[in-house]
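If you want the building blocks of each chain, they are given just below.
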Amino acid sequence: MSPGAGEDPGQRGSIAGAISLTITRPLTGLTRIERTGFQIMLLVKFVASVIVIISGSGAVVRSGNDFDLIVNSLAAVFIVDIPA
């Protein structure tokens, strides 16, 4: 079976009237500066969380009674949960 007049040889066997889709990446998104700023903020938040965990664990270990243990644990959690 040879292709007809005006028919593309690469299109043989395709369904007549089929829709071809092209997937493209969106033009909008984060710029390099925005992405770098976001990564720096994540790094700062991670370092601050590690410092709070280290210092908070020392305060929790030194707690003399159950009340101080709970208060020191809650203080560490509140500091970590402060939005940046």
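The coordinates are above.
Residues numbered from 1 in each chain as written. Predicted model: local features only at pLDDT ≥ 70, side-chain atom pairs only at ≥ 80, totals over all residues. Heavy atoms only, no water.

A. Quick peek at the side chain of Ser-63. Its place among the elements puts Ser-63 in the loop between α1 (32-61) and α2 (66-80). Polar side-chain contacts of Ser-63 include one of 3.1 Å to the backbone oxygen of Ala-59. Side-chain polar atoms of Ser-63 contact the backbone oxygen of Val-60, separated by 3.1 Å. Sequence-distant contacts of Ser-63, defined by excluding residues within four places in its chain, comprise Asp-68, Leu-69 and Asn-72. (Helix = DSSP H or I, 4+ residues; strand = E, 2+ residues; numbered from the N terminus. Polar contact = N/O pair within 3.5 Å; in protein donor to acceptor, adjacent residues only side chain to side chain. Contact = heavy atoms within 4.5 Å.)

B. Quick peek at the environment of Lys-45. Among the secondary structure elements, Lys-45 is positioned in helix α1. Residue Lys-45 is classed as partly exposed on the basis of its relative accessible area of 35%. Remark: the alpha-carbon pair of Lys-45 and Val-80, spanning 35 residues in sequence, is separated by 8.7 Å. Aside from chain neighbours lying at most four places away, what touches Lys-45 is Val-80 and Ile-82. (Buried < 20%, exposed > 50% of the residue type's maximum accessible area, 1.4 Å probe, protein only.)

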